[in-house]
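Single-letter residue listing:
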Amino acid sequence: MNPLSEHAFRTAVPRRYLMCRPSHFEVTYSINPWMDPEKAVDRDLAVLQWERLRDLYVELGHTVESIDPIPGLPDMVFAANGATVVDGRVLGARFRNEQRAAEGPAYAQWFRQNGFADVRDPEFINEGEGDYLVTESWVLAGCGFRTDPASHQEAQDFFGRPVIGLHLTDPRFYHLDTALAVLSRDEIMYCPESFSEGSRAVLRRLFPDALPVSREDADVFGLNAVSDGYNVVLPEAAVRLGRQLAARGYNPIGIDLSELLKAGGSAKCCTLEIRGAASAASVRADAPARTACVV
Ligand code: ARG
């Protein structure tokens with residue numbers, strides 16, 4: 001049988017993303033091993049690369065919304081960290097490092113101003129979709145470097161979905177979205193070496209058919225990928241992973257985000273998925289009109 005035929009059912013599902021232009025991007029502090037303030041960053045190039053990512057999403061048929069970047073918050077471009085949104089409910093972020101602390105309220109405010117009535121100011125530290133990844137059946141939750149494991153219970157109660165805690169062990173892969181990506185429904189890909197023994201066992205049990213990713217591809221941030229169920233946007237340097245994805249019937253699309261990588265982020269980090277629109281009932285009467293596609 002043609003190995004592709006069993007995956008012929010792959011379909012892209014239009015998504016709604018929130019992004020933040022890297023207008024104030026720079027690396028002036030170091031809160032992960034990728035960040036070296038001594039190393040030059042080309043902000044104009046960062047903006048150009050980011051625009052290509054945003055334009056790609058629009059070409060693929062996705063809706064891209066934007067939040068205004070705030071001076072003095074150079075990491076705000078990493079929108080994935082700003083919140084976690086499931087079924088239109090928004091769990092705000094609370095950052096571990098004070099350099100990013102102000103981003104939490106800024107993102108929460110964006111959601112409140114855009115018609116989301118159910119926005120929770122978090123009790124425990126959590127760095128949004130950096131550490132919370134949503135599959136059809138579960139919410140996968142990272143800990144070990146940033147998100148407090150106590151937040152996992154908070155997320156489970158808030159979303160009413162089972163949360164699976166996973167322990168990250170390699171400081172280079174400090175957020176879950178650098179070590180694991182959701183491809184479609186309950187299909188994921190991940191690099192086992194980034195997780196504790198026990199978490200690897202949990203992943204094998206829940207996802208026996210997961211796509212195994214090499215350390216080499218993880219090293220170029222290949223797992224910091226964004227999938228719509230068919231198209232998988234990932235760093236172009238993850239060559240072998242691209243081939244693996246194609247063999248599974250996905251459409252890998254390589255992208256260069258070299259400047260943002262200097263802060264320890266790539267495609268997924270720049271992309272917050274908004275799942276489940278704010279329902280008509282939850283739109284506040286005083287909420288400003290929302291533009292469908294801010295590009
Ligand atoms: N410099 C940022 C930090 O260390 C990068 C965040 C990357 N975001 C992500 N979703 N992995 O917090």
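Quick caveat, the model's predicted, so the values are computed rather than measured.

Draft legend 1. Just the site of the ligand, in detail. Neighbouring residues of the ligand: 17 residues in total, closest Asn32, Arg100, His175, Asp177 and Cys269. Between Asn81 and the ligand, the recorded distance is 2.9 Å, taken from a side-chain N or O atom to a nitrogen atom. One nitrogen or oxygen atom from the side chain of Arg146 is found 2.8 Å from an oxygen atom belonging to the ligand. About the coverage of the ligand: the protein hides 100% of its 340 Å² of free accessible area. Grouping the constituent residues of the shell around the ligand by class yields seven nonpolar, six polar and four charged.

Draft legend 2. Inspection of the sheet that holds strand E8 (residues 163–167) at higher detail. Within the open sheet, the three strands sit side by side as E6-E7-E8. Their pairing is mixed. With one partner strand each, in any of the chains shown, strand E6 (132–134) and E8 form the two edges of the open sheet. Between one strand axis and the next, the sheet turns through 25° on average, direction left out of account. The pairing of strand E7 (residues 139–143) with E8 spans five bridges and is classified as parallel. By the bridge assignment for E8, Gly142 is matched with Leu166. Helix H3 (residues 150–159) rests against E6, E7 and E8 of the sheet, and its axis sits at about 160° to E8.

Draft legend 3. Structural view of the pattern of salt bridges. Within this structure, the stated rule accounts for 23 salt bridges. For Asp87, the salt bridge identified is with Arg161, shortest N-O distance 2.8 Å. One end of the pair, Asp87, is in the loop between strand E3 (83–86) and strand E4 (89–92); the other, Arg161, is in the loop between H3 and E8, and 74 residues separate them in sequence. With a closest N to O distance of 2.7 Å, Glu154 and Arg120 form a salt bridge.

Draft legend 4. Up close: the pairing of strand E9 (residues 180–184). Across the five residues that make up E9, a large majority, five, are buried. Two elements, E9 and strand E10 (residues 187–190), share four bridges in a ladder whose sense is antiparallel. If you follow Ala181 over to E10, its bridge partner there is Met189. Once E9 ends, the chain turns through two residues before running back antiparallel as E10, passing Arg185 with a positive phi of about 35°.

Draft legend 5. The sheet that holds strand E1 (residues 16–19), seen in detail. The mixed open sheet is built from three strands, whose spatial order is E2-E1-E15. Because the sheet does not close on itself, it has two edges, and the strands there are strand E2 (63–66) and strand E15 (272–273). Where E1 meets E2, four bridges bridge the pair, whose relative direction is parallel. By the bridge assignment, Leu18 is partnered in E2 with Glu65. Running at roughly 165° to E1, helix H1 (residues 43–59) makes contact with E1 and E2 of the sheet.

Draft legend 6. Just the packing of aromatic side chains, in detail. In the structure shown here, the tally under the stated rule is nine aromatic pairs. Ring centres of Phe111 and Phe116 lie 5.2 Å apart, and the angle between their planes is 85°; on these two criteria the pair is classed as edge-to-face. Neither Phe111 nor Phe116 differs from the other in exposure class; each is buried. Three or more aromatic residues joined by ring pairs form one cluster here, namely Trp34, Phe173 and Phe221. We note Arg89 situated over the ring of Phe158; from NZ or CZ to the ring centre the distance is 4.4 Å. Positioned above the aromatic ring of Trp34, the side-chain terminus of Arg172 is 4.7 Å from the ring centre.

Criteria and cut-off values
Residues numbered from 1 in each chain as written. Predicted model: local features only at pLDDT ≥ 70, side-chain atom pairs only at ≥ 80, totals over all residues. Heavy atoms only, no water. Near = heavy atom within 4 Å. Polar contact = N/O pair within 3.5 Å; in protein donor to acceptor, adjacent residues only side chain to side chain. Areas by Shrake-Rupley, 256 points an atom, 1.4 Å probe, with all protein chains shown as cover. Nonpolar A, V, L, I, M, F, W, Y, C, P; charged D, E, K, R; others polar. Pairing = 2+ DSSP bridges. Helix = DSSP H or I, 4+ residues; strand = E, 2+ residues; numbered from the N terminus. Axes fitted to C-alpha atoms, helices over the stretch in contact; angles between N-to-C directions. Contact = heavy atoms within 4.5 Å. Salt bridge = Lys/Arg side-chain N within 4 Å of Asp/Glu carboxyl O. Buried < 20%, exposed > 50% of the residue type's maximum accessible area, 1.4 Å probe, protein only. Phe/Tyr/Trp six-rings, centres within 6.5 Å; stacked < 30°, edge-to-face > 60°. Lys NZ or Arg CZ within 6 Å of the ring centre and 35° of its normal.

Shape is all these values report; function is a separate question.
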